[in-house]
Amino acid sequence: MSFGAPYISIPEFQYLKPKTLKEALETLSKYEDEAKVLAGGVGLLNLMKERLVEPEYVVDIKGIPELRKVTYEEGKGLTIGATVTLSELENNEIVERKYTALHEAIKVLSDPVLRNRSTLVGNVCEAFAWMDSLSPLLVFDAELKALSVNGERMIKAKDFIIGLAETALEPNELVASIFLPEPPKNSASKFIKFRSRSEFSVINVASLLANRDNPPERILRLAYGGATPSPVRVFAVEKVFKQQKPLNELLKEALDVVFKEVSPMEDMHASKEYREHLMETLTIKIIRELWGE
Amino acid sequence: MRQKYIGKALPQLDSFHKVTGIAKYTHDISLPGMLHVKLVTSTEPHAEIINIDASEALKIPGVVAVLTGKDFPYRLGIYVGDRDVLAIDKVNWVGHPVAAVVAETMEAAEKAIDLVEVDYKPLKPVFDPFEALKEEAPIIHPKLGEYRRAPAFTPVPGTNIANKFTLRKGDVEKGFKEADVVVENRFYMPFVSHCYMETQSVVAHYHKDGTIEIWTSAQSPFAVRNLMGLSLGIPIGKIIIYQPFVGGGFGGKAGLHWEPLAALISKKVGYKPVKLKLSRKEQFTSAPVREGFHAEVKVGAKRNGKLTALKAKFILDSGAFADYTVNVSRAAGYSVGEVYDIPNVYCDSLAVYTNKVPTTAMRGFGHPESAWAVERSIEMLANELKMDPLKLRLMNVVKAGISTTVTGERLREDAGNPVQCLEAVAKAINWGKTEEKPKEPWKFIGKGLAVFSKGPAQPPNAASAAIIKINEDVTVDLMVGTGNFGQGTLTSLAQIVADELGVPVEKVRIRTMRSTDTVAYTWQTVGSRGLFTDGNAVLEALKDAKKQIKEVASQVLRVKPADLEIKDGKVMVKGRPWENVPLSDIVMGYTYPNGNSIGGPIIGRGKYISPINTYLDPETGQGIPTIFYTFGAAACKVEVDVLTGKVKVLEAAQAFDLGKAINPLLVRQQVEGGFIMGLSVALFEEIQFDERGWVLNPNFSTYWVARAADIPSKIDTIPVENPQKDAPYGARGIGEVVMLGVPPTIANAVQNAIGVNINNLPLTPENVWKAIKKQRPELVEEIKKKLVSWKWKV
Amino acid sequence: MKMPRKITFTVNGVKKQVEVKDNELLADVLRDKLQLTGVKQACWRGECGLCTVLLNGKPVKSCLILAVEANGAEIVTSEGLMEGDKLSHLQKSFVENGALQCGFCTPAFTLVTHYLLTQKPDASEEEIREYISGLICRCGTYNEIVKAVKQASQYYKK
Ligand SMILES: Cc1cc2nc3c(=O)[nH]c(=O)nc-3n(C[C@@H](O)[C@@H](O)[C@@H](O)COP(=O)(O)OP(=O)(O)OC[C@H]3O[C@@H](n4cnc5c(N)ncnc54)[C@H](O)[C@@H]3O)c2cc1C
Ligand code: FES
Ligand code: FES
């Protein structure tokens, strides 16, 4: 992606601000491709200035009360509404304690002023390779609740992003919330972002570890952003860590698996070689950090 | 005279306007009925323009006109008039403005630019300056020989050479023969953008009587006026330039930019006011930036460290227009090794056209370039000699009154002292003391330093004037041409005025909206010259005003003018302060009880022009290029993460022999700001081009500029004060010298930390990591092993 | 052409009604229609932070907000930070510490740090740096800004 348009204005469109979910869904189903959902607008208005999207209708969902909520049910999980801002999540104690990797990602996502406006759901829906919220959502097995006039469906985070800036959403659907199931018992999670000389992750990695000392029950999850056109969770490494072996050997095997599954890309931010190196280093680092000693 | 204000840390006098937001910048200027201009820019790096069809664009409601290069048959420029108003016949880079849409709203103009159809016939482009120098290279300026040029420059018609500067001092070959050790290396600095926060903008109103009013975000209103007059053939008496607050310049707003375009459009659309305001992307791709710099430098020294010879070749990748960069190539050439006493110096410095974004002056003006190449060379020489780099520098720096500079000038006795600067920064970062090793085994600490100098690279005859006008209430109008885009020179000058006239500084009025009609002349606000040149003019004007005041007062008090002094708002007899007359009774003329009056309104006038500067000899570059040298040194401590290649500057110090700190707060602002800009350029900044000449990162997300979390909290400012006799209170300029030594200082510290030489900027994590991998593969392997076995505490 | 609509908001304590088109940005409306030049623009893309205003109390970048989205909202710009015709303690502290050079970025920095201090008067140096990292000052006044904020913090402590 290269942003580089000279415009400072936005072409005309019609602004709609539904008061209910029903009204919003009807609007989307009426206009389909011609309409775009507006949450924080940090993503959408930028894309409109770049002329990468030119909707006829902009549907502001910030007036819909149901989408404003964060709810947590002990043992079940956390539900984050579509208009909850990143700053709100940053100050949410459950997110910080139970979903640490996501919390760490939010703390380094853009900057504090933008986070007052942008939403988690909006970040996911923008779906660029370097989005920071995705790798944590992947390790937490998050699911997105998509709504349309035809009803509701749950889409797993891993199935949500289908290409560069492309999601599994139908034009008449909107994401009402993101659900993060209760993380495994005794788990800890982490997130590392590596920025070189831009805002964006050259690569980021999220990981979750539970039951370190009990290999058959051990859970280790790994997901990467920025390395490939869309973020990936490397499920195949999870088997590796069920083995009773010294960590050094596990790491070696895990890296082999990671590199078999993921081939880092080359772009203006980094060469392939450097991304590979970072992937290796950050993987070792994040696992070593979670592992402790 | 009592110095109440001089030497005092006073906030800038216009701070209130700025901090509240009521200050008006050109971005904020709006006139009734004003139209908006938006540029249509080239999508080809090098092509003939076959046809421009604006018919669809003109159908957009609100669009008033679409103009092209055919409408404006002019060449513009300050040193070599190679620029056009809009592309004439041929485009020379991706981003070259080919047409201008004029509309009632920005929205309509932006809609219309997409509908202007331009047919191109592509020509072979050349992006690499070394390719551009070859015989078979496409010629970017076939009419180079016809352009207007200033006497000091030598474009070579029929080639892509915009200027060739040569410096010859002594006999370098002999110098290298005498050397025991010789190091030879290549260096590179990429294109970077000034990134002043206020993008270039101009509002112009061409009136039917031929008067042109222009509000512009420019550094030098008088240069704009003069160059517009010259380029367009308009009498300058018809041109009024207003300079509102300016949101940063850093050299990028020196000379002339969009003013001719805006003025000519205003006339074409029926004498209506028009505004052109660049977007950030246009600022990166259609306005000039700092050139790319390639260097080969060879330095020779005796075993004991004494330098014997320096030979350098500089190629400045000047992009499509080199109007200003020709002088950068000259300044880079004559400043090579300027801070050292070297008997034999040889330099060729070429400005070369390529099909990339045009280039211009930027803070430091050729000196960051020469300092990068020379200070890295000296560091590598120290390594080769196994000598302390501080000691090597101390041994070789110039000495006032003794040394002869590279341009053959015997340094004046009061030129300043680089040794004191070096010693001060070394002390500030505990040079020589080994630092504790960070606990992570992949992190390394290193220290580096550099020494350098800079004087104004101005034509020898660049002049300044000042007018001091005293009002009824003894407020003082300080009318000087030097601009204010952050440096605060006007505040320093006001401090001088206040002390000299014995009035409170609040009574000295500086203008927030400045204009060529209401302030005194100054050639330009560039080159760190403002305080020195305009300051000297102010001193002369003060002397003139005081003389007038004392003449009147001497009649009133019946003593000789020489026996009077001006203090605390009064003129008093020296030693008998009770015999006085208030200034307010004099400044508009003194009236006796019977109504008889003498004197009249007081207006002081002063001027400055350098009596010593010369043109440089066209063959040898010898002569006197500058009115002062500000010597300086920088030092810093860095942490290098070998795992990722990330460099972090932990602390820094800079010392400058600025003669006298008129205002220590402003000095600190300049020094810290310069360090931060230098750090940013050293670690992050590079305009990236793709293989078709498109800029890949024309925004602040991907072109990173240092922010609060990227810089050390400890950046020491150390003023060294060896006054220069012909400077105002001894003060030399420091606006530019503050950033130019930072990149080599950081790279030297990296070398000290991990023993890896990096000679290409910027020191991004990837570039550093690659250099480590190449020069010290064993270190990379060793660190990887340590990472795996490293015990983390949770 | 789409029809403009009337929106109402409170700007620096004063209720305002303005006519805007749906595609107009809040930054442009504040600058062009209300002459609030403390709102600056240097990137138009959410990167530089100079268009920051307080929207319902929180700092946001107004170049990425539609004016219609601000209908009914409370907005404060740097002009509104003043206490009558006097500088606020924070603004004064910026001036005294030399936390401004060309001044183009200054209003935005005052708004963002004002908010930070209302939330966290004892913010550490690290926290201040982090909180202003969405804003650019090319003149390089960051360290002076940190000093100014520290100095003014006493006025925000209850
Ligand atoms: C300067 C800058 C720096 C940034 N840095 C980072 C960074 O470091 N890391 C990072 O990950 N991102 C970064 N971003 C991008 C990040 O800010 C955006 O992805 C995020 O703000 C989008 O959230 P939003 O609420 O503003 O979404 P919006 O702009 O409202 O929407 C974004 C997209 O999602 C769609 N959408 C939004 N909500 C829904 C919904 N409920 N249902 C269906 N579609 C929806 C919109 O139609 C639009 O296409 C940066 C952006 C900027 C401008
Ligand atoms: S103009 Fe809004 S963030 Fe730069
Ligand atoms: S003071 Fe100039 S950009 Fe901050």
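To start, this report covers the structure provided alongside it. Computed from a predicted model, the values in this text were never measured in an experiment.

**Looking at the site of ligand 1**
Taken together, 35 residues lie near ligand 1, and Val37(A), Ala39(A), Leu44(A), Thr119(A) and Glu126(A) sit nearest. Proximal residues around ligand 1 fall on chains A, B and C, making this an inter-chain site. Measuring from an oxygen atom of ligand 1, one finds a backbone N or O atom of Gly41(A) at 2.8 Å. Residue Ser110(A) places a main-chain N or O atom 3.0 Å away from an oxygen atom belonging to ligand 1. Notes on ligand 1: free accessible area 970 Å², of which the protein chains cover 96%. Going through the elements one at a time, β2 (35-38), α2 (44-49), α7 (120-126) and β10 (174-181) of chain A are the ones with two or more residues in the shell around ligand 1. Ranked by residues supplied to the shell around ligand 1, first place goes to α7(A) with five residues. In terms of residue class, the shell around ligand 1 is made up of 17 nonpolar, eleven polar and seven charged.

**Describing the interface of chain B and chain C**
Opposite the 55 residues of chain B that make contact, chain C presents 47 residues. Between chain B and chain C, the buried area comes to about 4,000 Å², and carbon and sulfur atoms account for 57% of it. Counting the surface chain B buries against chain C, the share from its top three residues, Val19(B), Met197(B) and Arg707(B), is 18%. Linking chain B with chain C are four salt bridges, by the criterion used here. A salt bridge links Glu107(B) to Lys21(C); the shortest N-O distance between them is 3.0 Å. At the boundary of chain B and chain C, one finds 31 residue pairs in polar contact (both at pLDDT 80 or more). Listed by contribution, the elements that provide at least two residues to the side of chain B that touches chain C are α1 (15-20) and α15 (664-683) of chain B. Residue contributions to the side of chain B that touches chain C peak at nine residues, all from α15(B). Here the side of chain B that touches chain C is composed, by residue class, of 25 nonpolar, 19 polar and eleven charged.

**With respect to the pattern of salt bridges**
Summed over the entire model, instances satisfying the criterion amount to 75 salt bridges over all chains. As a salt-bridge pair, Lys134(B) and Glu131(B) come within 3.0 Å of each other at their nearest N and O atoms. A relative accessible area of 38% means that Glu131(B) is categorised as partly exposed. Salt bridges here are not isolated pairs; linked through shared partners, they connect Arg51(A), Lys38(B), Glu110(B) and Glu282(B).

**A look at the packing of aromatic side chains**
Residue and element names in this part refer to chain B. Per the stated rule, a full pass over the model turns up 27 aromatic pairs over all chains. Plain terms: the ring middles of tyrosine 590 and tyrosine 592 are 5.1 Å apart, the flat faces sit at 80° to each other, and that makes the pair edge-to-face. Classification of tyrosine 590 as buried rests on a relative accessible area of 15%. Residue tyrosine 592 is classed as partly exposed on the basis of its relative accessible area, which comes to 27%. An aromatic cluster is present here, built from Tyr79, Phe153, Tyr324 and Phe365 joined pairwise through their rings. Across from the ring centre of phenylalanine 689, 5.4 Å away, lies the NZ or CZ of lysine 356, which sits over that ring. Residue placement shows lysine 437 over the ring face of phenylalanine 444; its charged tip is 4.2 Å from the ring centre.

Reading the values: the criteria
- Residues numbered from 1 in each chain as written.
- Chains lettered and ligands numbered in written order.
- Predicted model: local features only at pLDDT ≥ 70, side-chain atom pairs only at ≥ 80, totals over all residues.
- Heavy atoms only, no water.
- Near = heavy atom within 4 Å.
- Polar contact = N/O pair within 3.5 Å; in protein donor to acceptor, adjacent residues only side chain to side chain.
- Areas by Shrake-Rupley, 256 points an atom, 1.4 Å probe, with all protein chains shown as cover.
- Helix = DSSP H or I, 4+ residues; strand = E, 2+ residues; numbered from the N terminus.
- Nonpolar A, V, L, I, M, F, W, Y, C, P; charged D, E, K, R; others polar.
- Contact = heavy atoms within 4.5 Å.
- Buried area = accessible area lost by both parts, 1.4 Å probe.
- Salt bridge = Lys/Arg side-chain N within 4 Å of Asp/Glu carboxyl O.
- Buried < 20%, exposed > 50% of the residue type's maximum accessible area, 1.4 Å probe, protein only.
- Phe/Tyr/Trp six-rings, centres within 6.5 Å; stacked < 30°, edge-to-face > 60°.
- Lys NZ or Arg CZ within 6 Å of the ring centre and 35° of its normal.

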